[in-house]
Amino acid sequence: MKQAHRERFQVKCSHMEPKLVCVKQAYQMPVGSRLTVRGWVRSRRDSKGISFIELNDGSRFKSLQLVVNEGVIPEELLKRITTGACIAATGELVESPAPGQPVELRVEHIHLYGEADPATYPMQKKGHSFEFLREIAHLRVRGNTFGAVFRVRNTLAYAIHKFFQERDFLYVHTPIITPSDCEGAGALFRVTTLDLENPPRTPDGRIDWSQDFFGRPTYLTVSGQLEAEVFALAFGKVYTFGPTFRAENSNTPRHLAEFWMVEPEMAFYELPDNMRLAEEFLKYIIQYVLDNCREDMEFFHQRIDNTVLSTLEHVATASFEHITYTEAIQILQKAERDWEFPPVWGNDLQTEHERYLTEEAFKKPVIVTDYPKEIKAFYMRLNDDGRTVRAMDVLVPRVGEIIGGSQREERYDVLLQRIRESGLNEQDYWWYLDLRKYGSAPHSGFGLGFERMLMYITGMKNIRDVIPFPRTPGNAEF
RNA sequence: UCCUGGGUAGCUCAAUGGUAGAGCGGGUGGCUGUUAACCACCAGGUUGCAGGUUCGAAUCCUGCCCCAGGAGCCA
């Protein structure tokens, strides 16, 4: 009876209009459904009287196997369906007789949207080096690794918004173009409409920036923090999530000239509250990716870094280590190690020091707080000792500093003093100082490098492989 | 920017002063409900660029360009 019912159902199905679905949906459809899927061919394998096409549309890691029996489509068309080609396929979803996939599509019809000449199409079935794939960033996204990277990137971005929105944070869009050198350090990209071949000059021969578009020098932002503080002192809890630009000539696997940063800023938060939020935040977004990108994460675990799943599961549950800078220096000085730079109180922690702390001393994320004021930014709140500031750096294995933050200096006189000490022009910070003059409050915040987080989660070793089109010194292709 | 290593076929690499090769990919044919398929044959090169040394340079020397890793800067 049941069998007869199913046969009748399938006959009925075969007369139904095919349903247009993505590959991810196709795997969830009942056997017997008539479907149309569209995507890009990963590979074609021919046998006597039968061909197998792997079709991927980016909707999930796994491709859908299309089965083409001889004579169903013209031989001439089949030959043009090669790796990289874009097609639509219509057919019936059937159980697969072979291991490797639960279901497959028995093809009735194929439409070829766009061919991909196999003699010149650079993506091969076999693995390529990441260095080579960077040169073809417009095509690398069709491969397994970059498919997984950018699905995880999407999910991570969503998790970040979800975390803050669930906690009543306001998402604020801080400006991309700013007049201020926020950190007081670091090279900026200048924004100008002046004719660089023949710029207007002042009587003493200098470039006359007053004739520039904004009537003053402007730059691409290196941080939205100062503007986020404005919003924190009106909305309480806010965050920014946007592009950030650094013109440093950094050539490392951890630096980009254009990257994305998440910067929460909270009124009434002191440093311990800030630390608690950072830890809760990291655990939440890691757990969200583990729960929602299982298939992609298993790929990273198998092919990229076989410690990635266990590390993330550990981080999502273990508590972070908390130490002060002073304690960190003591630990480093006691360590039996030949340091290239011996740890000395007053000097910044070197990469080798940070890695020792997080990878060897504690083997988990470490939050280091209360750095000497000389090595941190002017806006960080001065401790009562007068020597240290309420800074915090979150260090994680392999990536190093993933979060940098602090409690902000909310006392007008102290902040003014720090601005002057740092050699900054206090007039440039008039509105920032005003925040301390009118209704000031203790407040804190931090910055998370989005791509660094993505490296940590995926195990990818180079930051240029977790952003769609990396901008680094000497490279702005695409 | 500094230090180190590298640049040879579409890709990944070999050839250590003496005829530029292999695997993969590509083409052709064969075989097979295939799974990074398999077998055979074929095509494929300004050895990063410019000079120099040498009878002879992928190989040695000089300069430049590009890539990667480490450092600094930082997220």
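Conventions we followed
- Residues numbered from 1 in each chain as written.
- Chains lettered and ligands numbered in written order.
- Predicted model: local features only at pLDDT ≥ 70, side-chain atom pairs only at ≥ 80, totals over all residues.
- Heavy atoms only, no water.
- UniProt positions renumbered as here; feature names shortened; annotations may be inferred.
- Domains from an automatic or database assignment.
- Contact = heavy atoms within 4.5 Å.
- Buried area = accessible area lost by both parts, 1.4 Å probe.
- Salt bridge = Lys/Arg side-chain N within 4 Å of Asp/Glu carboxyl O.
- Polar contact = N/O pair within 3.5 Å; in protein donor to acceptor, adjacent residues only side chain to side chain.
- Nonpolar A, V, L, I, M, F, W, Y, C, P; charged D, E, K, R; others polar.
- Pairing = 2+ DSSP bridges.
- Helix = DSSP H or I, 4+ residues; strand = E, 2+ residues; numbered from the N terminus.
- Patch = residues over 30% accessible without salt bridge, like charges linked within 9 Å, V, L, I, M, F, W, Y side chains within 5 Å.
- Areas by Shrake-Rupley, 256 points an atom, 1.4 Å probe, with all protein chains shown as cover.
- Buried < 20%, exposed > 50% of the residue type's maximum accessible area, 1.4 Å probe, protein only.
- Axes fitted to C-alpha atoms, helices over the stretch in contact; angles between N-to-C directions.
- Parallel < 35°, antiparallel > 145°, perpendicular 65-115°, else oblique.
- Phe/Tyr/Trp six-rings, centres within 6.5 Å; stacked < 30°, edge-to-face > 60°.
- Lys NZ or Arg CZ within 6 Å of the ring centre and 35° of its normal.

In the annotation of an unreviewed UniProt entry, the entry for chain A reads asparagine--tRNA ligase, and the organism field reads uncultured prokaryote. As its UniProt record puts it under Sequence similarities (unreviewed entry), chain A is described as follows: "Belongs to the class-II aminoacyl-tRNA synthetase family."

(A) How the structure looks around the domain arrangement of chain A. Assigned domains of chain A: these are domain 1 (19-114) and domain 2 (144-186 + 222-465). Of the residues lining the interface, 6 residues belong to domain 1; the matching set on domain 2 comes to 6 residues. Buried surface at the junction of domain 1 and domain 2, both sides included, amounts to about 550 Å², of which 46% is carbon and sulfur. Of all residues in domain 1, R42, R60 and F61 bury the most surface against domain 2, accounting for 85% of the area lost on that side. For the interface between domain 1 and domain 2, the tally reads 1 salt bridge. Here R60 ties to E295 by a salt bridge, and the two come within 2.7 Å at their closest N and O atoms. Our count for the domain 1 to domain 2 interface comes out at 4 residue pairs in polar contact (both at pLDDT 80 or more). Its residues placed into classes, the side of domain 1 that touches domain 2 shows 1 nonpolar, 2 polar and 3 charged.

(B) Representation of the sheet that holds strand 8 (residues 177-178) in the model. Strand order in this open sheet of 3 strands is 8-10-9, and the pairing throughout is antiparallel. Both edges of this open sheet fall to strand 8 and strand 9 (190-191), since each of them pairs with a single strand only. Bridge count for strand 8 against strand 10 (residues 218-220) is 2 bridges, and the pairing is antiparallel. The partner of T178 across the bridge, within strand 10, is Y219.

(C) Seen up close, a nonpolar patch on the surface. A surface patch of nonpolar side chains, about 380 Å² in accessible area, is lined by I176, I177, F213 and F214. For I176, the location among the structural elements is in the loop between strand 7 (170-171) and strand 8. For I176, a relative accessible area of 34% translates into the label partly exposed.

(D) Seen up close, the packing of helix 11 (residues 325-334) against helix 12 (residues 351-361). Running from amino to carboxyl end, helix 11 crosses helix 12 at an angle of 80°, the nearest separation of the two axes being 11 Å. For the element pair helix 11 / helix 12, the angle class is roughly perpendicular. Residues A328, I331 and L332 of helix 11 pack against H353, Y356, L357 and A361 of helix 12. When the residues that make up the contact of helix 11 with helix 12 are grouped by side-chain class, the tally is 6 nonpolar, 1 polar and no charged.

(E) Main features of the packing of aromatic side chains. Across all of its chains, the model carries 25 aromatic pairs by this definition. A ring pair is formed by Y158 and Y288, whose centres lie 5.9 Å apart and whose planes are at 55°; its orientation type is tilted. Remark: Y288 occurs in helix 8 (residues 271-292) and Y158 occurs in helix 6 (residues 144-166); sequence separation between them is 130 residues. Exposure remark for Y158: the relative accessible area of 47% places this residue in the partly exposed category. The class of Y288 is buried, set by a relative accessible area of 18%. Taken together, the ring pairs in this structure connect F163, F164, F169, Y171, Y239, F281, Y284 and F446 into an aromatic cluster. The ring centre of Y284 lies 5.2 Å from the NZ or CZ of R167, which sits over that ring.

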